[in-house]
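Structural characterization, general
Chain residues, written in single-letter form:
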Amino acid sequence: MSLLRLASASLLNRWPVALLTALAIALSVTLLLGVERIRSGARDSFVGTVAGTDLIVGARGGALNLLLYSVFRIGNPTNNITWASYQDIAAHPDVAWIVPLSLGDSHFGFRVLGTNDDYFRHYRYRDGQPLRFAAGGPFTDLFDAVLGSEVAARLGYDLGREIVVAHGLGREGFARHDDKPFRVAGILERTGTPVDRTVHVSLEAIEAIHVDWQGGAPVPGRRVSAEAVRAMELRPRAVTAALVGLQSRLATFRVQRFVNEYRQEPLLAILPGATLQELWAILGTAEQALSAVTVMVVATALLGMVTMTLASLAERRREMAILRSVGASPRTILGLLTAEALLLGLAGTALGVLLLYGAQLALQPVIDSRYGLYLAIGAPSRRELAMLAGVVLAGTLAGLIPAWRAYRMSVADGMTVRT
Amino acid sequence: MAEAGAAIALDGVRFAWPGRGGFRLTVPHLAVARGERLLLVGPSGCGKSTLLNLLCGTLSPTAGRIALLGRELTGMAGPARDAFRAEHIGVIFQMFNLVPYLSVLDNVLLPLRFAPGRRARAAAAAGSAAAEAIRLLERLGLDRTKVRHEARAATLSVGQQQRVAAARALLGRPEIVVADEPTSSLDRAHQLSFLELLAQELAAGGGTLVMVSHDPSLAARFDRTLELPTVATIEPGLPAHT
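Figured I'd write up the structure that's included with this text. (Residues numbered from 1 in each chain as written. Chains lettered and ligands numbered in written order. Predicted model: local features only at pLDDT ≥ 70, side-chain atom pairs only at ≥ 80, totals over all residues. Heavy atoms only, no water.)

1. Observations regarding the overall build of chain B
Rules: Under the scheme used here, helices are H or I runs from DSSP no shorter than 4 residues and strands are E runs no shorter than 2 residues, and both carry numbers assigned from the N terminus. For the radius of gyration, the atoms used are the C-alpha atoms, and the globule rule reads 2.2 Å times the number of residues raised to 0.38. For every residue, the accessible area obtained with a 1.4 Å probe (protein chains only) is divided by the maximum for its type, and the residue is called buried under 20%, exposed over 50%, and partly exposed between those limits. When checking whether two residues touch, look at their non-hydrogen atoms; a contact exists if any pair is within 4.5 Å. Reported accessibility uses the Shrake-Rupley method at a 1.4 Å probe radius. Residues are deemed covered only where the shown protein chains occlude them. A positive count includes Lys and Arg, and a negative count includes Asp and Glu. His and the chain ends are not counted in either. By convention, charge coordinates are those of NZ in Lys, CZ in Arg, CG in Asp, or CD in Glu.
In terms of regular secondary structure, chain B is built from 8 helices and 10 strands. In terms of overall dimensions, chain B is globule-like: its C-alpha atoms have a radius of gyration of 17 Å, near the 18 Å expected for 242 residues. The principal-axis extent of the C-alpha atoms belonging to chain B is close to 50 × 35 × 35 Å. Burial analysis of chain B (242 residues in total) assigns 57% to the buried set. Restricting the contact set of chain B to residue pairs at least 6 apart, pairs at least 24 apart contribute 75%. Surface exposure of chain B reaches about 9300 Å², of which carbon and sulfur atoms provide 57%. Computed over 26 positive and 21 negative side-chain charges, the separation of the two mean positions in chain B equals 4 Å.

So this is what it looks like as structure tokens:
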């Protein structure tokens, strides 16, 4: 009979306590891996959102702020870029493509993004995937809108649906452009990025709905109908930011310097990857604190296992005496209790992984729709496997505490049960 | 000096429990011949269990020599003593003899995990170690009509557990069987039948039996009976230990 079989029989004999101990370990493992998945999921999601973009250009300000408002629709821009400057950058010989981004309006809390067809052509997300249309297509009319998948799903919109955008970013949208409604012309496939939560319209449409507005409010006495605005020359005056793709990565710093030293207005060009590193550095402390808490939870669960085993030692002295009588050495006793800790650690860890996948299956759609965080359900990563191995190892090492005590007891007692 | 050819020989053995202020067991001389059935009788607290631990090598004397089957037990390192015990000694306790979470059969087979020689002997006797274990259980009155061999040991009566412990001690024919008041929890009829079966099985293998008991009426079943206080002297410590 192997030591592991003996250990498993011993644990089965005390199954209620063993089960509770394994459950405590399992919950701590679920928490540990859950936090890790959210951390890595958030990073992957952020990195995946800016795949394929070499530079982001905006008004001079904080690099992180530019990244957050232009790509992740978080926060607000400090200033705009004039259309002339935008065209200057577009004309730079190293620039392969440029996509304008104009933010400032919303629809039921979803950001409205003014752009052009290049957006659908050049924007890339996770692993360089292009945007695909689930229905319809890009803009063909001035008042066409293309919806992100979540906008369409949450609001129940379909092609041809008429929608009205509101001025500003408030959820209620009191100042509405209801005299110039849009028509849903396309719905994008899900991307797991902020694109899903965006209403896309053309840059010209942004100009069109603001043609009779000034300072964030309609100009009194000036009303330009949707039909009338179609006849106007709608040339954008400014954009919020621009995504830039270069002919060659080697030109990155040259174009960045060109933008940062642009004389006509103060501009800023950032490398998305480098700026994301700044974000990770800022978030790193919070991540470490969260990780420390989860590690403490695991340590508490393992401590519970040690306490349970230590508490059971007194009543197991007879069992050890019997084992000693049939030839078990004190080292075998030490091995038996260590094997029990190993089995508890393995069972707890396996159960924790199962709980994690169960929770992920149940909560993934909710987290995705509510927080825009897509947590991929896949095999454990190397880092996660290392963490799991660490938990099992830590549990086995913790098991050495009661095992050593049992070893000492078996040496001192022999086959006699001393009370 | 240990007698040549004796199964058990103790000379000038002294033992003191560490931290037990004053308790000392002294055995000037004790020899048990091979195949002999020896009954050691004595009251509680006379050092019976301590003496059995010394004989089995789970405790080491502070002075003196213990030789078993011609081999110096006191000269062996701990792991060697454990291996020697596993191969050559079967032990039966007073009660609570079995590992409660193992089946009847697994309890009987347990010593073989630590004793490859006994495993080979058990297998040679009946084709397999498990077959020999079942034969012993049946021989001791525990055939499958009375007890499921797969049942957990904790479900058995005290008398049945004692017989399972006897089967475990006899499996693979160890040369020495040490029993610590194995019949004290049985009624008279069961005591006698248990001892009869134990003696028969030992006789078949030529094994030596050393049994301690506080019941001198069992003497007729043994080759020799010794009063433990005449063999060993005790200086009681605080608290006293049996």
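2. Description of the overall build of chain A
Secondary structure assignment for chain A yields 13 helices and 17 strands. In terms of overall size, chain A is more extended than a compact globule, its C-alpha atoms giving a radius of gyration of 31 Å where 419 residues would be expected to give roughly 22 Å. On the principal axes, the C-alpha backbone points of chain A span a range of 105 × 45 × 30 Å. For chain A, the residues scored as buried account for 52% of the 419 residues in total. Pairs at least 24 residues apart make up 77% of the contacts formed inside chain A by residues separated by at least 6 positions.

3. Details of the interface of chain B and chain A
Convention followed: The quantity reported as buried area is the accessible area (1.4 Å probe) lost by two parts once they are put together, taken as the sum for both. Salt bridge, as used here, is a side-chain nitrogen of Lys or Arg placed within 4 Å of a carboxyl oxygen of Asp or Glu. Whenever a nitrogen or oxygen atom comes within 3.5 Å of another N or O atom, the pair is scored as a polar contact, on the condition that within protein one atom can donate a hydrogen and the other can accept it, and that pairs from neighbouring residues in sequence are kept only if both atoms are in side chains. Under the grouping applied here, Gly and all other residues not named as nonpolar or charged are polar, the nonpolar ones being Ala, Val, Leu, Ile, Met, Phe, Trp, Tyr, Cys and Pro and the charged ones Asp, Glu, Lys and Arg.
Of the residues lining the interface, 29 residues belong to chain B; the matching set on chain A comes to 31 residues. At the boundary of chain B with chain A, total buried surface from both sides reaches about 2500 Å², with 59% on carbon and sulfur atoms. Run the count over chain B and chain A and you get 2 salt bridges. Here Asp-106 of chain B makes a salt bridge to Arg-5 of chain A, at a shortest N to O gap of 2.7 Å. Linking chain B with chain A are 6 residue pairs in polar contact (both at pLDDT 80 or more). Those elements that place two or more of their residues in the side of chain B that touches chain A are α1 (48-56) and α2 (78-88) of chain B. A per-element tally of the side of chain B that touches chain A places α1 of chain B first, with 4 residues. Across the side of chain B that touches chain A, the residue classes tally to 17 nonpolar, 5 polar and 7 charged.

4. Side note on the environment of His-214 of chain B
All names here are of chain B. Mapped onto the secondary structure, His-214 falls in the loop between β8 (208-213) and β9 (224-227). On the basis of relative accessibility, which here comes to 46%, the residue His-214 falls in the partly exposed class. On a C-alpha basis, the gap between His-214 and Val-41 in space is 5.2 Å, while along the polypeptide they are 173 residues apart. Excluding its chain neighbours within four sequence positions, the residues that come into contact with His-214 are Val-41, Gly-42, Glu-181 and Ser-184. Reaching out from His-214, the side chain makes a polar contact with the side chain of Glu-181 at a distance of 2.5 Å.

5. What about the sheet that holds β8 of chain B?
All names here are of chain B. Quick reminder of the rule: Only strands that DSSP links by at least two bridges are regarded as paired with each other. Each axis is a line fitted through C-alpha atoms, and for a helix only the stretch in contact is used; angles between axes span 0 to 180 degrees, taken between their N-to-C directions.
Strand order in the open sheet formed by 5 strands is β6-β7-β8-β3-β9, and the pairing between neighbours is parallel. Unpaired on one side and paired on the other, β6 (89-92) and β9 mark the two borders of the sheet. Within this sheet the neighbouring strands show an average axis-to-axis angle of 15°, counted without direction.

6. Observations regarding a nonpolar patch on the surface
Residue and element names in this part refer to chain A. The test is simple: Grouping into patches uses exposed residues only, defined as over 30% relative accessible area, and leaves out salt-bridged ones; the cut-off is 9 Å for like charges and 5 Å for nonpolar side chains (Val, Leu, Ile, Met, Phe, Trp, Tyr).
On the surface, Leu-12, Trp-15, Leu-19, Leu-20, Leu-23, Leu-27 and Leu-355 cluster together to form a nonpolar patch covering roughly 720 Å² of accessible area. It is helix α2 (residues 15-49) that provides the largest number of residues to the nonpolar patch, a total of 5 residues. With respect to the helices and strands, the residue Trp-15 is situated in helix α2. In this structure Trp-15 comes out as exposed when scored by relative accessible area, which is 54%.

7. Observations concerning helix α10 (residues 272-313) of chain A
What counts is decided by this rule: For a helix, the expected span equals 1.5 Å multiplied by the residue count minus one. Note on bend: the value at a residue is the angle between axes fitted to the seven residues ending there and to the seven starting there.
Between the first and last C-alpha of α10 of chain A there are 58 Å, a value that for 42 residues agrees with the 62 Å anticipated at 1.5 Å per step. Of all the bends in α10 of chain A, the largest measures some 40° and sits at Leu-283 of chain A.

8. What about the nonpolar core?
How we decide: Working definition of a nonpolar core: buried Ala, Val, Leu, Ile, Met, Phe, Trp, Tyr and Cys residues. They are joined through side-chain atoms within 4.5 Å.
Membership of the largest hydrophobic core comes to 58 residues, with the highest contact counts inside it found for Leu-323 and Leu-337 of chain A together with Ile-8, Leu-10, Val-27, Leu-40 and Leu-68 of chain B. Listed in part, the 38 residues of the second largest apolar core include Leu-140, Ala-165, Ala-167 and Leu-197 of chain B.

9. A few points about the packing of α2 of chain A against α10 of chain A
Residue and element names in this part refer to chain A. Which entries qualify depends on this criterion: For this classification, under 35 degrees means roughly parallel, over 145 means roughly antiparallel, 65 to 115 means roughly perpendicular, and everything else is oblique.
Viewed as axis vectors pointing N to C, α2 and α10 meet at an angle of 175°, and their least axial separation amounts to 8 Å. It follows that α2 is roughly antiparallel to α10 by the angle criterion. Classifying every residue of the contact of α2 with α10 gives 20 nonpolar, 3 polar and 3 charged.

10. Considering the environment of Gly-160 of chain A
All names here are of chain A. Looking at where Gly-160 falls in the secondary structure, it is placed in the loop between α6 (149-155) and β9 (162-163). We classify Gly-160 as partly exposed; its relative accessible area is 44%. The spacing of Gly-160 and Asp-94 is 66 residues in sequence and 40 Å in space, taken between C-alpha atoms. Excluding residues that lie within four positions of it along the chain, Gly-160 makes contacts with Arg-183 and Val-184.

11. Some points on the pairing of strand β1 (residues 6-16) of chain B
Residue and element names in this part refer to chain B. Burial analysis of β1 places 8 of its 11 residues in the buried class, the great majority of the element. One ladder, built from 9 bridges, connects β1 with strand β2 (residues 24-33); its direction is antiparallel. The residue bridging Ala-6 from the neighbouring strand is Ala-33, located in β2. Where β1 lies against strand β4 (residues 63-68), 5 bridges are found, and the strand directions are antiparallel. Bridge pairing in β4 links Ile-8 to Leu-68.

12. A closer look at unusual backbone geometry
Residue and element names in this part refer to chain B. Although it is not a glycine, Arg-173 adopts a positive phi angle of roughly 45°. In this model, Glu-181 sits at a positive phi of 45°, which is unusual for a non-glycine residue. By secondary structure assignment, the location of Glu-181 is in the loop between β7 (176-180) and α7 (188-205). Of the residues examined, Glu-181 reaches a relative accessible area of 9% and is grouped as buried.

13. Focus: the pattern of salt bridges
Side-chain pairs of opposite charge can arise whenever the charged atoms involved come near each other. A full pass over the atoms with the stated rule returns 31 salt bridges over all chains. The salt bridge involving Arg-14 of chain A is made with Glu-340 of chain A; its shortest N-O contact spans 2.9 Å. One end of the pair, Arg-14 of chain A, is in the loop between α1 (3-13) and α2; the other, Glu-340 of chain A, is in helix α12 (residues 330-371), and 326 residues separate them in sequence. Exposure remark for Arg-14 of chain A: the relative accessible area of 14% places this residue in the buried category. Since its relative accessible area comes to 3%, Glu-340 of chain A is described here as buried. Notably, a salt bridge pairs Glu-201 of chain B with Arg-135 of chain B, separated by 3.4 Å at the nearest N-O pair. With a gap of 66 residues between them, Glu-201 of chain B in helix α7 and Arg-135 of chain B in helix α5 (residues 129-139) connect regions that are remote in the sequence. Its relative accessible area of 8% is what places Glu-201 of chain B among the buried residues.

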